[in-house]
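Survey of secondary and tertiary structure
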Amino acid sequence: MARAHLDDARREARALCAALPWLTTAQAEDLSRHYVEQRIALARRLLQDTVRRAGELRQEYETRYLTLRRTLLRRHAACASVIVACAAGVGTAVSALGR
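Residues numbered from 1 in each chain as written. Predicted model: local features only at pLDDT ≥ 70, side-chain atom pairs only at ≥ 80, totals over all residues. Heavy atoms only, no water.

Tracing the chain through its elements places Ala88 in helix H2 (residues 25-97). The spatial distance from the C-alpha of Ala88 to the C-alpha of Arg99 is 17 Å, given a sequence separation of 11 residues. (Helix = DSSP H or I, 4+ residues; strand = E, 2+ residues; numbered from the N terminus.)

Here it is as structure tokens:
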């Protein structure tokens, strides 16, 4: 990926210098070098920002997932408790009516 960015930057620098035919060879080389440096620095910043944001999103999603998981576990525990309580109540009622 880094090689592709470097190749793209060099190609763009050559195209820029070709569009400016009045530049001397030294000026064109200097402009090309400067353009490539700036382009690579920009690509590096963009990739670092992407990596940073991906880490932030991962943390946000993990936090949200844990919250949802805990909520779901609590709800299942509450439902199971209600079912057990109802079953115990029905059993007691049936036992009382059977006497």
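Taking 1.5 Å as the rise per residue, H2 with 73 residues should run 108 Å; its terminal C-alpha atoms sit 106 Å apart, in good agreement. Within H2, burial applies to Ala28, Ser32, Val36, Arg39 and Ala43. Summarising the contacts, the buried residues of H2 are in contact with helix H1 (2-18). (Expected span 1.5 Å × (residues − 1). Buried < 20%, exposed > 50% of the residue type's maximum accessible area, 1.4 Å probe, protein only. Contact = heavy atoms within 4.5 Å.)

Before going further, it helps to spend a moment on the side chain of Ser32. Residue position: Ser32 is located in helix H2. According to the relative accessible area criterion, Ser32 is buried, its value standing at 18%.

Within the secondary structure layout, Glu56 lies in helix H2. Among the polar contacts listed, one links the side chain of Glu56 to the side chain of Arg52, at a separation of 2.7 Å. (Polar contact = N/O pair within 3.5 Å; in protein donor to acceptor, adjacent residues only side chain to side chain.)

In a structure, side chains of opposite charge can pair up when their charged atoms sit close to one another. Applying the stated criterion across every chain yields a total of 8 salt bridges. Each of Arg52, Arg53, Glu56 and Glu60 takes part in salt bridges that share partners, so that together they form one network. (Salt bridge = Lys/Arg side-chain N within 4 Å of Asp/Glu carboxyl O.)

What follows covers the environment of Asp8. On the secondary structure map, Asp8 appears in helix H1. For Asp8, a relative accessible area of 26% translates into the label partly exposed. For the pair Asp8 and Leu72, spaced 64 residues apart in sequence, the C-alpha to C-alpha distance is 50 Å.

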